[in-house]
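Each chain, written out:
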Amino acid sequence: MYNKTISFIKDLYGNKDFIPLHEPIFNQNEREYVLECIDSTFVSSVGKFVTKFEEDICEFTGSKYAVACMNGTAALHIALVVSDVKLNDEVITQALTFVATANAIKYCGAHPVFLDSDIDNLGLSPDALEKFLISNGEIRSDGFCYNKNTGRRIKACVPMHVFGNPVKLDELSDICKKYQIDIIEDCAESLGSYYKGKHTGVTSKMSILSFNGNKIITCGGGGIVLTQDEKLAKKLKHLTTTAKIPHTWEFQHDEIAYNYRMPNLNAALGCAQLESLQSFIDSKKELFKLYEAHFQDTNIELLREAPNSKSNYWLQAVVLDNEEQRNMFLEQTNDNSVMTRPIWKLLPDLVPYQNDLKDELTNAKNFASRVVNIPSSCNFKGK
Ligand SMILES: *Cc1c(COP(=O)(O)O)cnc(C)c1O
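Residues numbered from 1 in each chain as written. Predicted model: local features only at pLDDT ≥ 70, side-chain atom pairs only at ≥ 80, totals over all residues. Heavy atoms only, no water.

(A) Representation of the overall build of the protein within the structure. Within the protein one finds 11 helices and 17 strands. Computed over C-alpha atoms, the radius of gyration of the protein comes to 21 Å, within 12% of the 21 Å expected from 2.2 N^0.38 for 383 residues, which places it in the range of a compact globule. Expressed as lengths along the three principal axes of its C-alpha atoms, the size of the protein is roughly 65 × 60 × 35 Å. Here the analysis covers contacts within the protein between residues at least 6 apart in sequence; of these, 70% occur between residues at least 24 apart. Carbon and sulfur atoms make up 50% of the accessible area of the protein, which totals about 16800 Å². Across the protein, the centroid of the 41 positively charged side chains sits 2 Å from that of the 49 negatively charged ones. (Helix = DSSP H or I, 4+ residues; strand = E, 2+ residues; numbered from the N terminus. Rg over C-alpha atoms; globule rule 2.2 N^0.38 Å. Contact = heavy atoms within 4.5 Å. Areas by Shrake-Rupley, 256 points an atom, 1.4 Å probe, with all protein chains shown as cover. Lys, Arg positive; Asp, Glu negative; His and termini not counted. Charge placed at Lys NZ, Arg CZ, Asp CG, Glu CD.)

Now the structure itself:
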């Protein structure tokens, strides 16, 4: 039944034996920089590539500051810590996201609140956020927002840009300002995605990127926190290292820090990958257009970027008619060595999150049962 699509994808990737969902692409400079890093002996937490990687990311995104970490999850954890998210605070996020978003909230001892997805972009819905805050939020005399049912402070909101599709940042930010809630964007999937002409993550208090092996560019493992505030950047650097007071020989540490820093070896790989980022983004847009032309003649809907935004099209996704069709699509493609994968389960359906607050999740449930990722690597059609 999905034969046409299967042969289209096989042909797209040169009829390889197995077509993965997403594979990294390395060129000559990846080898060169990593070797240079080894030859320098500075392979660990100090070195010129880490600084260069931070500078290059700032240049690409337009962020003022960037602090490299060992992975995206650690970056999100430290961003929440620096935002003062603590035991028994509440942090609003979406139910339909990768589990790491919520894990980082739990590391702080805080409680995630899982809200519905936006119909246009699959990310956190401003309507759901406003509805939740109108019925649960109250600004108390200290000027901060509390959940009047649980008595907990609602401290932060973590929207995530699903597969590189930007959320409606303007609307989310207006609502959060009104309730004194900080926004920390999970941009793990949205390097190279723009909302109203600005790179995702540069208009909020802080945001994070991931450079895991499956992301648009990779450091092997890696993450980064973006911020526009010098004080926050200093604090992030202090806590991602060992909180050492600079001194030639004394071991003076003034806080309990996390040692989340990115090793120089990983940064070397990242610096080379960044040189190819724009070409990866261009390829992914091209891939989207090829898929668009193919799916036009089928009853399968291809996910496209929402108004006001420019997606990096990191992972292409299709929306099947219903769960039964989705299961058939998954079975037939995977049986034919074309890797496809459903979108995540809703986080409140996972054991560690089953008792956390949530709303009706109407759109999220709908997407969770119908959305599937299809092969999205940049090495299609002999590229
Ligand atoms: C990949 C990813 C992360 C975590 O990044 P790691 O570098 O793998 O720790 C967090 N959030 C989202 C949405 C992701 O896709």
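(B) Examining the site of the ligand more closely. G72, T73, E189, S210 and K215 are the nearest of the 14 residues found near the ligand. Between the ligand and G72, the relevant distance is 2.7 Å, taken from an oxygen atom to a main-chain nitrogen or oxygen of the residue. Between the ligand and D186, the relevant distance is 2.8 Å, taken from a nitrogen atom to a side-chain nitrogen or oxygen of the residue. Computed on the free molecule, the ligand has an accessible area of 380 Å², of which 92% lies beneath the protein chains in the complex. Breaking the shell around the ligand down by element, the ones donating at least two residues are helix 4 (72-82) and helix 5 (99-107). Taken together, the residues of the shell around the ligand sort by class into four nonpolar, seven polar and three charged. (Near = heavy atom within 4 Å. Polar contact = N/O pair within 3.5 Å; in protein donor to acceptor, adjacent residues only side chain to side chain. Nonpolar A, V, L, I, M, F, W, Y, C, P; charged D, E, K, R; others polar.)

(C) Molecular detail of the pattern of salt bridges. Evaluation of the coordinates by the stated rule reveals 20 salt bridges. Residues E54 and R261 are paired through a salt bridge, measuring 2.8 Å at the closest nitrogen-oxygen approach. Of this pair, E54 sits in helix 3 (residues 48-61) while R261 sits in the loop between helix 8 (230-240) and helix 9 (264-295); the two residues are 207 residues apart in sequence, bridging distant segments of the chain. Each member of the pair, E54 as well as R261, is classed as buried. Here E305 makes a salt bridge to K285, at a shortest N to O gap of 3.9 Å. Of this pair, E305 sits in the loop between strand 12 (301-302) and strand 13 (309-310) while K285 sits in helix 9, placing them 20 residues apart in sequence. Judged by its relative accessible area of 24%, E305 falls in the partly exposed class. Taken together, the shared-partner salt bridges connect D84, K86, D89 and K155 into one network. (Salt bridge = Lys/Arg side-chain N within 4 Å of Asp/Glu carboxyl O. Buried < 20%, exposed > 50% of the residue type's maximum accessible area, 1.4 Å probe, protein only.)

(D) Here's a closer look at the environment of T362. Position of T362 among the secondary structure elements: in helix 11 (residues 362-368). You can call T362 exposed: its relative accessible area is 54%. Along the sequence, T362 and S40 sit 322 residues apart, while their C-alpha atoms lie 54 Å from each other.

(E) The arrangement of the pairing of strand 1 (residues 65-69) in detail. Where burial is concerned, most of strand 1 is hidden: four out of the five residues are buried. Bridge analysis of strand 1 against strand 11 (residues 223-227) gives five bridges, and the strand direction is antiparallel. Bridge assignment links V67 to a residue of strand 11, and that residue is V225. (Pairing = 2+ DSSP bridges.)

(F) Main features of the packing of aromatic side chains. Under the criterion given, the structure shown has nine aromatic pairs. Summarising the aromatic geometry, the rings of F8 and Y291 are spaced 5.9 Å apart at their centres and angled 55° between planes, so their arrangement reads as tilted. With F8 in helix 1 (residues 3-12) and Y291 in helix 9, this pair connects stretches of sequence that are 283 residues apart. Plain terms: the ring middles of Y291 and F295 are 5.8 Å apart, the flat faces sit at 25° to each other, and that makes the pair stacked. Here F295 and Y291 lie together in helix 9, a separation of four residues that amounts to about one turn. For F295, a relative accessible area of 3% puts it in the buried group. (Phe/Tyr/Trp six-rings, centres within 6.5 Å; stacked < 30°, edge-to-face > 60°.)

(G) Spatial organisation of the side chain of S276. Along the chain, S276 falls in helix 9. By relative accessible area, which is 10% here, S276 ends up buried. Looking at S276, its side chain comes within polar contact range of the side chain of N27, at 3.3 Å.

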